[in-house]
Amino acid sequence: MGKLNVTVLRYLTKEDFRVLTAIEMGMKNHELVPGPLAAAIANLKAGGVHKILKELCKHKLLSYERGKKYDGYRLTNTGYDYLALKSLTLRGSVSSFGNQIGIGKESNIYVVADEEGKPICLKLHRLGRTCFRNVKSKRDYHGRRHKASWLYLSRISATREFAYMTALYDRGFPVPKPIDFNRHCVLMELVNGWPMTQIHELRDPEQVYDDLMNLIVRLGNSGVIHGDFNEFNLMLADDGKPILIDFPQMMSTSHENAEFFFERDVNCVRELFRRKYNYESEDYPKFSDLKREDDLDTEVHCTGYGFTKEMEKDLLQEYGMIEESDEEEYEDDEDTVPKLVDGEKTGNNYTNDELDEYRQQLENEISFSEVKASSKADDS
Ligand code: ADP
Ligand code: MG
């Protein structure tokens, strides 16, 4: 575990950022983005895209690869980190970077500092990185096939985490205060306490057990299930009160698998207390006890974060919460060469409309980088 390598944040220019974002946009539909397409999306007034692409490869923010049918650029993990961290820095949410403090199942956790120098927690979501070549294909809104790539999955994971954390925090649940997010990165309050994995003895196990079960019920009555309620995702503050973390896999109590995951969360606590704290109780909540008092589950879908039911399905599949639907496997050689436009001239399948769309997305992404997520959510 080390530091984030952020030296590159200091000397890359606005144009570099724009070209990198252009590759990100191109990767929504193509595994590799050819140079001419990158140039067309980035649309730099002064040109010079190819020199910038070369520079970005040198810094390992991009890689240039040979595909089966065409060659092109791919955003690396580091490149994606750079885009998110640069955005968070530009809008003043982060001002310096510190050490890694944790590795989760699906993330890396760092301590960073805000503009006042206060330590806060940065979570980088890293999904789908292990089997990039085998992920199922998805159809985008044009019916084109594309990969449920690590870019897409990590991003919706972070978005979903931020949305749930915000809704929970606003209702007074014991969760870290959400601060901001961008792409696959979430900023939140640094919890002052210990993960329960590191706590081997409790002064009052009955009290903590009750607090945890009450928390599960309170979540349930608000319409949600945590879905991964285990000692890795529970911390105890100095006053002995639990704090819940790790939210991307949360689901609605109206979901068809809700009862299963509710019971699994409850059993997780029972099992932990039996095994580790030598405490057993016949008193534990049942799914049928829940009384709906709130609609936290539907609220997170309506708060302008832009995630859809389809995205939720893709993500819950990735977390192993729901079965994979049997969509066709993606096959590399079916990806057509994304040659550039003037349909007639080149006789290819890439239209000016689509290019306009990429460019529009690029402008949105770039202006978005400068706005804090908390103020965006307020606007909607
Ligand atoms: P994952 O989704 O990969 O499991 P988590 O959100 O559970 O990631 O975080 C992994 C670990 O990082 C936690 O077990 C905890 O030790 C630490 N951690 C996460 N968030 C915070 C936070 N806000 N404050 C302090 N430590 C944290
Ligand atoms: Mg976790």
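Residue positions within a chain follow its written sequence, with the count starting from 1. Each chain gets a letter, beginning with A, and each ligand a number, beginning with 1, in the order they are written. Totals for whole chains, interfaces and linings use all residues, but because this is a predicted model, local features are given only for residues with pLDDT of at least 70 and pairs of side-chain atoms are given and counted only at 80 or more. Only hydrogens and water are set aside; all other atoms, that is, all heavy atoms of the structure, feed into the side-chain values.

A. Local environment of the side chain of Q100. Helix and strand assignments follow DSSP, with helices taken as H or I runs no shorter than four residues and strands as E runs no shorter than two, numbered in order from the N terminus. Within the fold, Q100 resides in strand β3 (residues 96-103). Any residue under 20% of the maximum accessible area for its type is buried, any over 50% is exposed, and the rest in between are partly exposed; the area is computed with a 1.4 Å probe on protein chains only. Under the relative-accessibility criterion, Q100 is labelled buried at 14%.

B. Representation of the pattern of salt bridges within the structure. Salt bridge criterion: a side-chain nitrogen from Lys or Arg within 4 Å of a carboxyl oxygen from Asp or Glu. Taken as a whole and judged by the stated rule, the model has 24 salt bridges. For R171, the salt bridge is made with E299, and the minimal N-O distance between the two is 2.8 Å. Of this pair, R171 sits in the loop between α6 (150-170) and β8 (178-182) while E299 sits in helix α9 (residues 296-299), and the two are 128 residues apart along the sequence. Residue class for R171 comes out partly exposed when judged on its relative accessible area of 23%.

C. Spotlight on the sheet that holds strand β13 (residues 242-244). For two strands to count as paired, DSSP must find a minimum of two bridges between them. Strands sit in the order β10-β12-β13 across an open sheet of three strands; the sheet is antiparallel. Edge positions in the sheet fall to β10 (193-195) and β13, since each has one partner strand and no second. Pairwise comparison of adjacent strand axes, ignoring direction, gives a mean angle of 30° for this sheet. Contacts are assigned to residue pairs that have any heavy atoms within 4.5 Å of one another. Lines are fitted to the C-alpha atoms to define the axes, a helix being fitted only along its stretch in contact, and any angle between axes, read from their N-to-C directions, falls within 0 to 180 degrees. Lying over the sheet, helix α7 (residues 205-221) contacts β12 (234-237) and β13, oriented at roughly 35° with respect to β13.

D. Representation of the coordination of the magnesium ion (ligand 2) within the structure. Within the first shell, the magnesium ion (ligand 2) binds the protein through N233 (OD1) and D246 (OD), at distances of 2.1 Å. With a gap of 13 residues between them, N233 in the loop between β11 (224-225) and β12 and D246 in the loop between β13 and β14 (251-252) connect regions that are remote in the sequence. With respect to class, N233 is no different from D246; both count as buried. The donor set covers N, O and S atoms within 2.8 Å of the metal, switching to 3.2 Å for Na, K and Ca, and it leaves out water, so a site may look short of donors.

E. Up close: the pairing of strand β4 (residues 107-113). Among the seven residues of β4, six are classified as buried, and the element is accordingly described as predominantly covered. Pairing of β3 with β4, which is carried by five bridges, proceeds in the antiparallel orientation. Paired with F97 across the strands is V112, a residue of β4. Between β3 and β4, which pair antiparallel and follow one another directly, the connecting turn spans three residues. In the sheet, β4 pairs with strand β5 (residues 119-125) via seven bridges, with the strands oriented antiparallel.

F. Representation of helix α4 (residues 49-58). All of the buried residues along α4 are V49, I52, L53 and L56. Each buried residue of α4 sits inside an arc of 105° when the element is viewed along its axis, so together they form one side. Those residues of α4 that are exposed and aimed more than 90 degrees away from the buried face are K51, K54 and K58. Next to the buried residues of α4 lie α2 (14-26), α3 (35-42), β1 (62-66) and β2 (71-75). One or two steps after α4, the chain reaches K60, where phi turns positive at roughly 65°. Relevant arc is that of directions from the helix axis to the C-beta atoms, nothing else.

G. Main features of the sheet that holds β8. The antiparallel open sheet is built from five strands, whose spatial order is β3-β4-β5-β9-β8. Both edges of this open sheet fall to β3 and β8, since each of them pairs with a single strand only. Within this sheet the neighbouring strands show an average axis-to-axis angle of 25°, counted without direction. Strand direction decides the pairing type here: β5 and strand β9 (residues 185-189), joined by five bridges, are antiparallel. Residue C121 lies in a different strand from β9, and its bridge partner there is M188. Packing of helix α5 (residues 77-90) onto the sheet brings it into contact with β3, β5, β8 and β9, and relative to β8 it is tilted by some 130°.

H. Spotlight on the confidence of the model for the chain. The share of residues in the chain with pLDDT of 70 or more is 86%, and the mean pLDDT across the chain is 87. A score between 0 and 100, pLDDT records how confident the predictor is in each residue. Counting interchain partners and residues more than four positions distant, the pLDDT-below-50 stretch residues 139-145 has 20 contacts. Predicted confidence for residues 342-349 stays below pLDDT 50, and this span has 10 contacts to residues more than four positions away or in other chains. Scored by ipTM, the complex comes to 0.99, with pTM at 0.89.

I. View of the packing of α3 against helix α12 (residues 352-368). Packing of α3 against α12 brings their axes to within 8 Å, and their N-to-C directions diverge by 60°. Compared by their axis directions, α3 and α12 come out oblique. Crossing of α3 over α12 shows right-handed handedness. Where α3 approaches α12, its residues L37, A40, I41 and A42 are matched on the opposing element by L355, Y358, R359 and L362. For the contact of α3 with α12, the per-class residue count stands at seven nonpolar, no polar and one charged. Each angle is binned into one of four classes, with values under 35 degrees roughly parallel, values over 145 roughly antiparallel, values of 65 to 115 roughly perpendicular, and all other values oblique. With the far helix as reference, a near helix turned anticlockwise by less than a right angle produces a left-handed crossing, and one turned clockwise produces a right-handed crossing. Basically, the charged four are Asp, Glu, Lys and Arg, the nonpolar ten are Ala, Val, Leu, Ile, Met, Phe, Trp, Tyr, Cys and Pro, and anything else, Gly included, counts as polar.

J. Quick look at the site of ligand 1. With respect to spatial proximity, 19 residues lie near ligand 1, and among them S107, K123, V191, N233 and D246 are the closest. Backbone polar atom of E106 to an oxygen atom of ligand 1: 2.9 Å apart, as the coordinates give it. Considered on its own, ligand 1 offers 550 Å² of accessible surface; in the complex 91% of this is hidden by protein. Of all the secondary-structure elements, those providing two or more residues to the shell around ligand 1 are β4, β5 and β9. Tallied by class, the residues present in the shell around ligand 1 amount to 11 nonpolar, three polar and five charged. The nearness test applies per residue and asks whether one of its heavy atoms lies within 4 Å of the molecule or strand. For this analysis, a polar contact is any N or O atom pair within 3.5 Å, provided that within protein one partner can donate a hydrogen and the other can accept it, and provided that sequence-adjacent residues contribute only side-chain to side-chain pairs. Per-residue and other accessible areas were derived by the Shrake-Rupley procedure at a 1.4 Å probe size, with only the shown protein chains allowed to occlude residues.

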